[in-house]
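# Examination of the molecular architecture
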Amino acid sequence: MCGILAVLGCSDDSQAKRVRVLELSRRLKHRGPDWSGLYQHGDCYLAHQRLAIIDPASGDQPLFNEDKSVVVTVNGEIYNHEELRKKLANHKFRTGSDCDVIAHLYEEYGEDFVDMLDGIFSFVLLDTRDNSFIVARDAIGVTSLYIGWGLDGSVWISSELKGLNDDCEHFESFPPGHLYSSKSGGFRRWYNPPWFSEAIPSVPYDPLVLRRAFENVKLITCRPRSTLCFWTKEINIFFL
Ligand SMILES: NC(=O)CC[C@H](N)C(=O)O
């Protein structure tokens, strides 16, 4: 798992603030020994500590869209990135990283693209054209993520609490399956499976269906580090 850290809208673009963000990002270094990255746009900072999985040679983060107006820092794996690339035929990708699709999907579909991602992830996306940002965490919170607020009105995001607790007035766990949008200024659930509703299932429990699900387990291999992932469509679970 990589480490991500972002400070957004802190009204401070000084060298001292940059040094502070780098210092805090280094607290997450144990999560990503392969690369450390920091992107600053005015008073917004996106940092990344990378444990390289997909495209180790050129998938370093933060990642960008074509004109670098959209920037993302991501922890996790996007399992369906190859299919998503096919939907983005008119886009040019700089890397083979699974996470490279995120900035391009945002350009194409806006905030609602999160629902198209199949995987485990948490990310911060900054649109430098209007300084708006979105933050999202995977459906059931496999990847860790925290959010905090500074006294100056800044929003802080970190894979671990130690990246933000010293600098925030208030902080909390980022809710799984949710998206935080600076435009609407709040959280909304992006993951809305039918079983979230109160409705009582009309289909009675059938152990044979469960058995069939496990018999139909599909093996997915995430290259190049050969992470093996099993998936079963019937009950929609992943296990490593
Ligand atoms: N460890 C991670 O979170 C990996 C991030 C990204 N999928 C990569 O391959 O670089």
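Below or above, wherever it landed, is the structure these notes cover. It should be emphasised that the depicted structure is a prediction, and the values quoted were computed from it without experimental measurement.

## Brief notes about the site of the ligand
The environment of the ligand is formed by M1, C2, R50, L51, I53, I54, N75, G76, E77, D98 and C99. Between the ligand and I54 there is a distance of 2.7 Å, counted from an oxygen atom to a backbone nitrogen or oxygen. Between a nitrogen atom of the ligand and a side-chain N or O atom of D98, the distance comes to 2.8 Å. When the ligand is considered free in solution it has 300 Å² of accessible area, and contact with the protein chains removes 99% of it. Take the shell around the ligand: its biggest share by element is 3 residues, from strand β5 (residues 70-78).

## Here's the deal with the pattern of salt bridges
Tallied over the full model, the rule gives 10 salt bridges. Salt-bridge contacts for R188 lead to D112; the nearest nitrogen and oxygen are separated by 3.1 Å. Of this pair, R188 sits in strand β12 (residues 186-189) while D112 sits in the loop between α3 (101-109) and β6 (119-127), and the two are 76 residues apart along the sequence. Since its relative accessible area comes to 34%, R188 is described here as partly exposed. We classify D112 as exposed; its relative accessible area is 55%. The network of salt bridges with common partners includes R20, E23 and D167.

## Here's the deal with the environment of Y146
By secondary structure assignment, the location of Y146 is in strand β8 (residues 146-149). Those residues in contact with Y146, other than ones at most four positions away along the chain, are W156, I157, S158, S159, E160, L161, L164, E172, S173 and F174.

## A few points about the sheet that holds strand β7 (residues 132-137)
Reading across from one edge, β4-β5-β6-β7-β11-β12 is the order of the 6 strands in this open sheet, with antiparallel pairing throughout. Strands at the two margins of the open sheet, each flanked by one partner only, are β4 (63-64) and β12. Across the sheet, α3 is in contact with β4, β5, β6 and β7; its angle to β5 comes to roughly 120°.

## A look at the side chain of E77
With respect to the helices and strands, the residue E77 is situated in strand β5. For the buried E77, no salt bridge is present, and the opposite-charge side chain at shortest range is R50, 8.0 Å distant.

Basis of the calculations
- Residues numbered from 1 in each chain as written.
- Predicted model: local features only at pLDDT ≥ 70, side-chain atom pairs only at ≥ 80, totals over all residues.
- Heavy atoms only, no water.
- Near = heavy atom within 4 Å.
- Polar contact = N/O pair within 3.5 Å; in protein donor to acceptor, adjacent residues only side chain to side chain.
- Areas by Shrake-Rupley, 256 points an atom, 1.4 Å probe, with all protein chains shown as cover.
- Helix = DSSP H or I, 4+ residues; strand = E, 2+ residues; numbered from the N terminus.
- Salt bridge = Lys/Arg side-chain N within 4 Å of Asp/Glu carboxyl O.
- Buried < 20%, exposed > 50% of the residue type's maximum accessible area, 1.4 Å probe, protein only.
- Contact = heavy atoms within 4.5 Å.
- Pairing = 2+ DSSP bridges.
- Axes fitted to C-alpha atoms, helices over the stretch in contact; angles between N-to-C directions.
- Lys, Arg positive; Asp, Glu negative; His and termini not counted.

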